[in-house]
Amino acid sequence: MRETRLIVALPKGRLGEDALATLRTIGYAQNIPDKTRRLIMQDADHDVTYLFVKPVDVITYVEQGVADVGIIGLDSLLEADADVYTLADLGFGQCRFAVAGPLKKTGSAPGKTWRIATKYPRVTAQYYAKTNRTVEIIKLNGSVELAPLVGLSDAIVDIVETGSTLKANGLEIYEEMFALSARLIANRASYRLKYPLFKALLQKLDAEREDA
Ligand code: PRP
């Protein structure tokens, strides 16, 4: 039997709103509101089911095959190191990874390792390993800008979009790391089994980008 249903995991929040806007430009998700408390919704016109999950959980739903497709920031994708296909850079959700800290950079005291607080320990470890620098990484789950203000860390590694959170907390960028944006990811088995559905989605996204 030909599989005709596509299950899409969308991140709740800022990135999810941009994701829905993009899907609407290609005719999908017309009946899906920007904000809803419902966690699962059906786009009957396209036989697509949308799951609304926390951004960091998109990858889990896709990797486990509960969702066929997901939209996720490159930051979460790199941190998760998951076994999924990356099908497209969707262009929205642009921001960057940076090392940041208090306006007066103190540097580490002699014999003391620099401490970096971050939601992204894997990305941070890889970044410093590449340049042979040793740092101590402190994993936090949010509001990382607080850490250097109260002496939990010397600096942070985090995503910076407008820079307003850094500014509001008296922090500045020490090092720009690299640029980030949203990616379309797919479960490996689903991609093979439901190839025609993926192809239709990718062709529409490509056509939309050419028109833009
Ligand atoms: C993200 C990020 C920064 C902020 C950057 O946090 O971790 O704190 O946004 O955006 P800006 O440069 O536009 O200020 P998020 O809003 O996801 O909250 P969190 O810190 O609780 O994870």
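See above for the structure.
Not measured: the values here are computed from a predicted model.

Student: Would you explain a nonpolar patch on the surface in this entry?
Tutor: A surface patch of nonpolar side chains, about 360 Å² in accessible area, is lined by Leu146, Leu149, Val150 and Leu152. You can see Leu152 is positioned in the loop between helix H5 (146–149) and strand S9 (155–160).

Student: Explain helix H8 (residues 195–211) here, please?
Tutor: Working note: α-helix, 3.6 residues per turn, so residues spaced by three or four point in the same direction. With 17 residues, H8 ought to run about 24 Å at 1.5 Å a step, and its terminal C-alpha atoms sit 24 Å apart, in line with that. Among all positions of H8, only Leu197, Phe198, Leu201, Leu202 and Leu205 are buried. Buried residues in H8, looked at end-on, bunch into an arc of 125°, giving them a common side. Structural note: H8 exposes Glu210 and Asp211 on the side pointing more than 90 degrees away from its buried face. Looking at the buried residues of H8, the elements they touch are strand S1 (6–11), helix H1 (14–25), strand S4 (69–73), strand S5 (85–89), strand S11 (182–186) and helix H7 (188–193).

Student: In this structure, what is going on with unusual backbone geometry? I would like to understand it.
Tutor: Negative phi values dominate among residues other than glycine, just as trans dominates among peptide bonds. For Asp47, which is not a glycine, the phi torsion comes out positive at approximately 55°. Structurally, Asp47 can be placed in the loop between strand S2 (40–43) and strand S3 (48–53). Take Asp47: its relative accessible area is 30%, and that puts it in the partly exposed class. Of note, Asp81 is a non-glycine position whose phi angle comes to about 50°, a positive value. Take Asp81: its relative accessible area is 51%, and that puts it in the exposed class.

What counts as what
Residues numbered from 1 in each chain as written. Predicted model: local features only at pLDDT ≥ 70, side-chain atom pairs only at ≥ 80, totals over all residues. Heavy atoms only, no water. Patch = residues over 30% accessible without salt bridge, like charges linked within 9 Å, V, L, I, M, F, W, Y side chains within 5 Å. Areas by Shrake-Rupley, 256 points an atom, 1.4 Å probe, with all protein chains shown as cover. Salt bridge = Lys/Arg side-chain N within 4 Å of Asp/Glu carboxyl O. Helix = DSSP H or I, 4+ residues; strand = E, 2+ residues; numbered from the N terminus. Expected span 1.5 Å × (residues − 1). Buried < 20%, exposed > 50% of the residue type's maximum accessible area, 1.4 Å probe, protein only. Arc of directions from axis to C-beta. Contact = heavy atoms within 4.5 Å.

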